[in-house]
Amino acid sequence: MFLPPDMASVKSFRRELRKSLTENHFSLENIMQIELAADEALTNSVAANVCNCSDETIICRWRINGSKFTLYVLDYGSGLKAEEEEEEAEKAFSSNPCLATFIGNVINHQTKKPALLPYNGQNQKHKNMGKGLKIINAMMDSVKVMFHGEGEVEEVPQGFKVMGSILTLEYDSAKHL
């Protein structure tokens with residue numbers, strides 16, 4: 001699918017993804033898990049494009065081979081947060097394993113980090129920023145991030161200007177029976 005960097009595109013993406021997974025006999029539980037991770041991946045891509053002042057099309061493609069699902073999301077954002085910013089955000093989530101405290105920390109983190117993302121062409125506050133990769137990693141069997149730019153694709157960009165990322169998510173429903 002070729003999607004504009006607009007949060008409204010998440011709805012059509014989810015509808016097509018759900019249809020494809022249903023046609024390929026994935027269970028409702030597997031579909032919900034894949035959808036959540038895919039939504040987060042697309043939201044991250046929209047946010048990355050917006051942060052990079054890019055209105056380039058986001059490319060989402062998936063492949064299903066038996067019980068194996070693979071999703072590719074290519075965007076034109078500048079990549080992931082700096083490690084120190086991620087470590088700072090991480091402290092709030094790892095300080096106490098109590099569920100109530102964890103939920104409180106998530107709400108506090110989201111309240112501090114609202115971003116403006118386009119929805120049907122209008123900028124709207126989007127609070128769920130900063131934990132997408134953590135959610136994706138929890139939902140999928142494998143997550144790989146590659147960076148592209150200047151005709152190069154690398155895991156760790158060296159010597160070229162990053163023009164965007166390619167996120168690859170893999171899920172095998174046979175492992176989740």
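Note that the structure is predicted; figures quoted are calculated from it, not measured.

Parameters and conventions
- Once a new chain begins, its residue numbering starts again from 1 and follows that chain's sequence as written.
- With pLDDT at 70 or above as the cut-off, local features in this predicted model cover only qualifying residues; side-chain atom pairs require 80 or more to be listed or tallied, and sums for whole chains, interfaces and linings still use all residues.
- The basis for every side-chain value is the complete set of heavy atoms in the structure, and neither hydrogens nor water enter the calculation.
- Starting at the N terminus, helices and strands are each numbered in turn, a helix being any DSSP run of H or I of at least four residues and a strand any DSSP run of E of at least two.
- Here the expected span of a helix is defined as 1.5 Å times the quantity of residues minus one.
- Buried, partly exposed and exposed residues are distinguished by accessible area as a fraction of the type maximum, computed with a 1.4 Å probe on protein chains only: under 20%, between the cut-offs, and over 50%, respectively.
- Any two strands with at least two DSSP-identified bridges between them are counted as paired.
- Note on contacts: a residue pair is in contact if any heavy atoms of the two residues lie within 4.5 Å.
- Fitted lines through C-alpha atoms serve as axes, helices being fitted only where they are in contact, and the angles separating the N-to-C directions of these axes extend from 0 to 180 degrees.
- The aromatic pairing rule takes the rings of Phe, Tyr and Trp, using the six-membered ring of Trp, and pairs them if the centres are within 6.5 Å, calling planes under 30 degrees apart stacked, those over 60 edge-to-face and the rest tilted.
- pLDDT is a residue-level measure of predictor confidence that goes from 0 to 100.

Asker: Hey, could you go over helix 2 (residues 28-51) for me, with residue numbers and the actual values?
Answerer: Across its 24 residues, helix 2 extends 34 Å between first and last C-alpha, which sits within 8% of the 34 Å expected from 1.5 Å per residue. Of all the 24 residues making up helix 2, 17 are buried; the element is thus mostly covered by neighbouring parts of the structure.

Asker: I'd love a proper account of unusual backbone geometry, names of residues and values included.
Answerer: We note that H25 has phi near 65°; this positive angle belongs to a residue other than glycine. Along the chain, H25 turns up in the loop between helix 1 (9-23) and helix 2. You will see that E150, though not glycine, has its phi angle at about 50°, which is positive. Relative to the helices and strands, E150 is located in the loop between strand 6 (142-149) and strand 7 (152-154).

Asker: For the sheet that holds strand 1 (residues 2-3), give the residues involved together with the corresponding values.
Answerer: Read from one edge of the open sheet, six strands run 1-2-3-8-6-7, paired in antiparallel fashion. Every other strand in the sheet has two partners, leaving strand 1 and strand 7 as the edge strands with one partner each. Packed on one face of the sheet, helix 1 meets strand 1, strand 2 (58-65) and strand 3 (68-74) and runs near 10° to strand 2. In the packing of helix 2 onto the sheet, the strands contacted are strand 1, strand 2, strand 3 and strand 8 (164-172), and the crossing angle to strand 8 comes to about 175°.

Asker: An account of the environment of K19 is needed here, citing residue identities and associated values.
Answerer: Within the fold, K19 resides in helix 1. The spatial distance from the C-alpha of K19 to the C-alpha of I31 is 9.7 Å, given a sequence separation of twelve residues.

Asker: How would you sum up the pairing of strand 6? Please name residues and give values.
Answerer: As judged from the seven bridges shared by strand 6 and strand 8, these two strands associate in the antiparallel manner. The residue bridging V145 from the neighbouring strand is L167, located in strand 8. For strand 6 and strand 7, the ladder comprises three bridges, and the chain directions are antiparallel. Within the sheet, the bridge partner assigned to G149 lies in strand 7 and is E152.

Asker: Any details on the packing of aromatic side chains? Residues and values, ideally.
Answerer: Summed over the entire model, instances satisfying the criterion amount to one aromatic pair. Where F13 meets W62, the ring centres are 5.9 Å apart and the plane angle is 75°; that geometry is what we call edge-to-face. You can see F13 sitting in helix 1 and its partner W62 sitting in strand 2, a full 49 residues away along the chain. On the basis of relative accessible area, W62 is assigned to the partly exposed category, the value being 23%.

Asker: Any details on the confidence of the model for the protein chain? Residues and values, ideally.
Answerer: Overall, the prediction assigns the protein chain a mean pLDDT of 78, with 72% of residues at 70 or greater. Ranking the elements of the protein chain by mean pLDDT puts helix 3 (residues 83-94) last, at 47, and strand 3 first, at 96. Contacts of residues 80-86 to residues separated by more than four positions or lying in other chains number eight contacts, the stretch itself having pLDDT below 50.

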